[in-house]
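# Report on the structure
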Amino acid sequence: MVLATSAVRLASRRIACSPATRRAFGSNARQESAPSKALPFLAAAGLAVGASQIVASENKTYNLSKDDVLDKEKWKHFFESYYNSVIKFATKETEDKFAAYWPRNILILFGPPGAGKGTHGPKIEDMLNMPQLSTGDMLRAAVSAKTEVGLKAKAVMAAGGLVSDAIVVGIIRDRITEEDCRFGFILDGFPRTLVQAKALDKMLAEEGACVTKVIELEVPDSVLEERICGRWIHKTSGRSYHIKYAPPKTMKTLADGSPDPASMFDDETGEPLMQRPDDTAAALIKRLKGYHKETVPILKHYAPNGVVKSVNANQGMDGVWGEVLGALKRGSDKK
């Protein structure tokens, strides 16, 4: 297949660059006899044998009559389809090799409530073309799919208990075997404790993988109250809005300057937005205490590996995103 493809490509380039082909396809070409015009196409017909190996894989069939040999538009369409097929084949071949032999890019996104994970996580996801995995979403999906680990989680929750670290790690193990995780994934909301981080490391080590990057979004506690209390979210997608920094297009204000809840709708779907019950000043104090006590030690756990990068998230979104990009790059020495 490889030899045939290479030969076809080489022959195609020679024919495409030949004076005869340029004369035949040129918009200002002088009129030539039919036999003369047909020469490059007759030579190109020999390429069909090699090209068919790839074009056939795209479920395309070309029935060329004698008249078609002189139809340059038909040949143009043929070669365009052929080259597109070659590109698709080569791309998939490269992706398969990358997935099989290169280590996966495994990113953990950290930050206190309101630091901007909901804003910048999806942007990282789109740029790197790898999914952002939320433990809550994975847990619900596993329960809905009635997987073995999902059924265990359902039983624990039905009994009013907390899902164990072993079950959560099992859910992650199942999820990262799916096709969209073949090049890597982003973890959001896990690990939350040092015990969970070590369990994650052990699970990844079983496949020869490890956490490759930890990005911490840093924001002073004093700034977070305004961010949290002004935050509204679209529950289905997780898109985040803020009444001051990123209001939805539909937002209207009341006489006291506060947003009218009846006007808060998602920009993309038009569905209603909501505020989390714990997005209050009182709840924030408790959440920050838990974050600093349990989550921050995870950064110290991964720091010796040289994968922890800090980002100043107390600035404009463009500035934050610029630092995120810098932290994602290989060889970044920003700590």
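Before any of the text, the structure's been laid out above.
First, a word on scope: everything that follows refers to the structure included in this document. (Residues numbered from 1 in each chain as written. Predicted model: local features only at pLDDT ≥ 70, side-chain atom pairs only at ≥ 80, totals over all residues. Heavy atoms only, no water.)

## What to know about the sheet that holds strand β3 (residues 184-188)
Here is the rule: For two strands to count as paired, DSSP must find a minimum of two bridges between them. To qualify as a helix, a DSSP run of H or I must reach at least 4 residues; to qualify as a strand, a run of E must reach at least 2; elements of each kind are numbered from the N terminus. To get an axis, a line is fitted to the C-alpha atoms, and for a helix only the part in contact is used. The angle between two axes follows their N-to-C directions and goes from 0 to 180 degrees. Only heavy atoms matter for contacts: two residues are in contact if any of them lie within 4.5 Å across the pair.
In spatial order, the strands read β2-β3-β1-β4-β7; together these five strands make up an open sheet with parallel pairing. Two strands bound the open sheet, and with one partner strand each, they are β2 (132-134) and β7 (308-312). Adjacent strand axes in the sheet meet at a mean angle of 25°, parallel and antiparallel pairs treated alike. For strand β4 (residues 213-218) and β7, the ladder comprises five bridges, and the chain directions are parallel. Within β7, the residue paired with E218 across the bridge is N312. Across the face of the sheet, helix α6 (residues 117-128) comes into contact with β1 (105-110), β2, β3 and β4 while running at roughly 165° to β1. Relative to β2, helix α7 (residues 135-145) is tilted by about 70°, and along the sheet it contacts β2 and β3.

## Thoughts on the packing of helix α9 (residues 165-175) against helix α10 (residues 194-205)
Inclusion rule: Any angle from 65 to 115 degrees is called roughly perpendicular, while one under 35 is roughly parallel, one over 145 is roughly antiparallel, and all others are oblique. Working rule for handedness: look at the near helix, and if it is turned counterclockwise from the far one by less than a right angle, call the crossing left-handed; if clockwise, right-handed. Gly counts as polar in this scheme, as do all residues outside two lists: the nonpolar Ala, Val, Leu, Ile, Met, Phe, Trp, Tyr, Cys and Pro, and the charged Asp, Glu, Lys and Arg.
Contact geometry for α9 and α10: axes closest at 10 Å, N-to-C directions at 40°. For the element pair α9 / α10, the angle class is oblique. The chirality of how α9 crosses α10 is right-handed. Mapping the contact onto sequence places D165, V169, I172 and R173 in α9 and V195, Q196, A199 and M203 in α10. Residues that form the contact of α9 with α10 fall into these classes: five nonpolar, one polar and two charged.

## Structural notes on the side chain of R104
Here is the rule: Burial status follows relative accessibility: with a 1.4 Å probe on protein chains alone, a residue under 20% of its type maximum counts as buried, one over 50% as exposed, and anything between as partly exposed. Counting of polar contacts relies on pairs of N or O atoms within 3.5 Å, with two restrictions inside protein: one atom must be capable of donating a hydrogen and the other of accepting it, and residues adjacent in sequence are counted only when both atoms are side-chain atoms.
Note that R104 resides in the loop between α5 (72-101) and β1. Residue classification places R104 among the buried positions, given a relative accessible area of 13%. Within polar-contact distance, the side chain of R104 engages the backbone oxygen of I176 at 2.7 Å. A polar side-chain atom of R104 sits 2.7 Å from a polar atom in the side chain of E207. Leaving out residues up to four positions away in the same chain, R104 has contacts with I176, C181, R182, F183, G184, F185, E207 and T212.

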